[in-house]
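Chains, contacts and geometry: an overview
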Amino acid sequence: MSRNTELFDRACRTIPGGVNSPVRAFRSVGGSPRFIKRAQGPYVWDADGQRYIDYVGSWGPAILGHAHPEVIRAVQEAAVDGLSFGAPTEAEIEIAEAIAARIPSIEKLRLVSSGTEATMSAIRLARGYTGRSRIVKFEGCYHGHADSLLVKAGSGMLTFGNPTSSGVPVEFIQHTLVLDYNKLEAVEAAFKEYGAEIACVIVEPVAGNMNLVKPLPGFLEGLRALCTQYGALLIFDEVMTGFRAGPQGVQGLMGITPDLTTLAKVIGGGMPVGAFGGRADIMEHIAPLGGVYQAGTLSGNPVAVAAGLTTLKLLAEPGFYERLSEQTRKLAEGLAERGRAAGVAVSGDYVGGMFGLYFRDAIPTTFDEMSECNIELFKRFFHGMLIRGVHFAPSAFEAGFVSAAHDDAVIAETLAIAEEVFAKL
Ligand SMILES: *Cc1c(COP(=O)(O)O)cnc(C)c1O
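Residues numbered from 1 in each chain as written. Predicted model: local features only at pLDDT ≥ 70, side-chain atom pairs only at ≥ 80, totals over all residues. Heavy atoms only, no water.

What follows deals with the packing of helix α10 (residues 320-341) against helix α13 (residues 408-424). The interhelical angle for the contact between α10 and α13, taken along N-to-C directions, is 15°, at an axis separation of 9 Å. By the angle between their directions, the pair α10 and α13 is classed as roughly parallel. α13 is crossed by α10, and the crossing has right-handed handedness. Between α10, through Q327, K330, L331, G334, L335, R338 and G339, and α13, the contact on the second element is made entirely by D408, I411, T414, L415, A418, E419 and F422. Looking at side-chain class alone, the contact of α10 with α13 contains six nonpolar, four polar and four charged residues. (Axes fitted to C-alpha atoms, helices over the stretch in contact; angles between N-to-C directions. Helix = DSSP H or I, 4+ residues; strand = E, 2+ residues; numbered from the N terminus. Parallel < 35°, antiparallel > 145°, perpendicular 65-115°, else oblique. Left-handed = near helix turned anticlockwise from the far one by under 90°. Contact = heavy atoms within 4.5 Å. Nonpolar A, V, L, I, M, F, W, Y, C, P; charged D, E, K, R; others polar.)

Printed below as a string of structure tokens:
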């Protein structure tokens, strides 16, 4: 019996499903998860000592590669001075300044400890600021596990949604409208009907939680215009795309200014840091300046901030995103080419350091198109790659992540292995 399986059996006895976040359990691909012992650069090693080229990257944070020596050193140095104070520190100002300096739409921000907290707080703020209750989200976009966001679309275009989790009372989601990503007409219709009641539209400006779906030309611009017209706030959830899709997130790539932005993942460099920020006049509604309550015992934690700040410093090196994006292009295009050469219907797309691999002919642009991907083929591809030492996300509906440590040799090795696996599909 492998040590991974042994650990999984043991984990299942005290941890529900053996994991502390459900996708890790391999339920959608079958088999048992690899227990990771250590990671370095583009690699992770499991409990059996097997090495994998890693394209999960801790689900996004590991943009510099795992265990970057400068980040590790910063964490060690910060830890020596104490783990948490519950009082302000200079490093918190530095990371806030570093983020605000790079993302122009963020004039003021507050630190939290996860993406979930960031989006939950941003929505409360949007409601507090506008005095309205309704919110708009899109099917297939994930914004963390706050009650009002665990909703899927109802049957009609403007009917209210259904909870995606038991334990979420329908009353808690009755203010959440769930619309189709990339379908601006539906958003127009929603504003026509409920415009004066909508506090905000929250969107992943590039959707990375239904594999990877880019916004169609005009979609984000349309959301911006509608929010402005109706006095609702536009929230870009850049928890995944922030400092990942480009140096200023998707908003920088597209030249669109949201009212509020949520961040996490990369800004913590592998430690628990999230943030929400935006226009100063909105952010000033947060306590202690305003009446919107928001707090956190470990918010701005000095060790976590040290990891994030050092990561942000290293990301500012000239040419960083050009190189990262080029490596990601080589991988995404290379995978699709090898798949097609083997007669498999597969396509690939990418932005910055994230990519999508789709088991269908054309790159999907909507949730429905994404749902048409061949899941059975993906599963076989996933396990074929895994046993040959390449770790992709264990689900057909997750984006993949490339880091600065994925050099040409690593990409070439991945593509050679993929060629072998595609040939067997
Ligand atoms: C990961 C993610 C979240 C949730 O962040 P957690 O840190 O897991 O709570 C929210 N929004 C988006 C877009 C994400 O990718």
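All residues adjacent to the ligand are S114, G115, T116, Y142, H143, G144, E204, N209, D237, V239, M240 and K265. One of the side-chain N or O atoms of T116 is found 2.6 Å from an oxygen atom in the ligand. Side-chain polar atom of N209 to an oxygen atom of the ligand: 3.1 Å apart, as the coordinates give it. Look at the ligand: alone it shows 380 Å² of surface, and the protein chains cover 82% of it. Of the residues in the shell around the ligand, the class split is three nonpolar, six polar and three charged. (Near = heavy atom within 4 Å. Polar contact = N/O pair within 3.5 Å; in protein donor to acceptor, adjacent residues only side chain to side chain. Areas by Shrake-Rupley, 256 points an atom, 1.4 Å probe, with all protein chains shown as cover.)

Attention now moves to the packing of helix α12 (residues 375-387) against α13. Remark: α12 packs on α13, axes separated minimally by 9 Å, with the N-to-C direction vectors making an angle of 130°. Taken together, the axes of α12 and α13 are oblique relative to one another. Relative to α13, α12 is oriented so that their crossing is right-handed. The segment α12 lies against α13, with R380, F381, G384 and M385 engaging T414, I417, A418, V421, F422 and K424. Its residues assigned to classes, the contact of α12 with α13 shows six nonpolar, two polar and two charged.

With that out of the way, let us pick up the pairing of strand β10 (residues 233-237). For β10, the tally of buried residues reaches five of five residues, placing the bulk of the element in the interior. Chirality of the crossover, the property in question, places the unit of strand β9 (residues 198-203), helix α6 (residues 219-230) and β10 among those that are right-handed. One ladder, built from three bridges, connects β10 with strand β11 (residues 260-263); its direction is parallel. Bridging across to β11, I235 finds its partner in L260. (Buried < 20%, exposed > 50% of the residue type's maximum accessible area, 1.4 Å probe, protein only. Right-handed = clockwise from strand over helix to strand, strands pointing away. Pairing = 2+ DSSP bridges.)

All right, on to the pattern of salt bridges then. For the coordinates displayed, the defined rule picks out 16 salt bridges. Across the pair R329 and E326 runs a salt bridge, and its minimum N-O distance is 2.7 Å. Linking R329 with E326, this pair stays in helix α10, spanning three residues, or about one helical turn. Given the relative accessible area of 26%, R329 is considered partly exposed. Measuring nitrogen to oxygen at the nearest pair gives 2.7 Å for the salt bridge that ties K330 to D408. Taken together, the residues span a long stretch of sequence, with K330 in helix α10 and D408 in helix α13 at a distance of 78 residues. (Salt bridge = Lys/Arg side-chain N within 4 Å of Asp/Glu carboxyl O.)

So, on to the packing of aromatic side chains. One pass over the full model with this rule turns up 17 aromatic pairs. For the ring pair Y55 and F355, a centre distance of 5.9 Å and an interplane angle of 85° mean the geometry is edge-to-face. Taken together, the positions of Y55 in the loop between β3 (51-54) and α2 (69-80) and F355 in strand β14 (residues 354-358) put the pair 300 residues apart, joining distant regions of the chain. With a centroid separation of 5.2 Å and an interplanar angle of 75°, the aromatic rings of F320 and Y321 are classed as edge-to-face. Exposure class is identical for F320 and Y321. Each is buried. Among the aromatic residues, ring-to-ring pairing joins F26, Y55, F355, F359, F378, F381, F382, F392 and F422 into one connected group. Residue placement shows R38 over the ring face of W45; its charged tip is 3.9 Å from the ring centre. For R51, the ring lying beneath its charged end belongs to Y43, and the centroid distance is 3.9 Å. (Phe/Tyr/Trp six-rings, centres within 6.5 Å; stacked < 30°, edge-to-face > 60°. Lys NZ or Arg CZ within 6 Å of the ring centre and 35° of its normal.)

Before going further, it helps to spend a moment on the UniProt feature "modified residue: N6-(pyridoxal phosphate)lysine" (unreviewed entry) in the chain. In this structure's numbering, the residues bearing the UniProt feature "modified residue: N6-(pyridoxal phosphate)lysine" (unreviewed entry) are K265. Its place among the elements puts K265 in the loop between β11 and β12 (274-278). Residue classification places K265 among the partly exposed positions, given a relative accessible area of 23%. Discounting residues that sit within four places of it in the chain, K265 has contacts with W59, P61, V239, M240, G270 and V273. (UniProt positions renumbered as here; feature names shortened; annotations may be inferred.)

Before going further, it helps to spend a moment on the sheet that holds strand β8 (residues 176-179). One open sheet holds the seven strands; their spatial order is β4-β12-β11-β10-β9-β5-β8, and the pairing between them is mixed. Only two strands of the sheet have a single neighbouring strand rather than two, namely β4 (108-112) and β8. Sheet twist, expressed as the mean angle between neighbouring strand axes with direction ignored, is 20°. Here four bridges tie β11 to β12, and the two strands are oriented antiparallel to one another. Residue pairing in the sheet places T262 in a bridge with F276 of β12.

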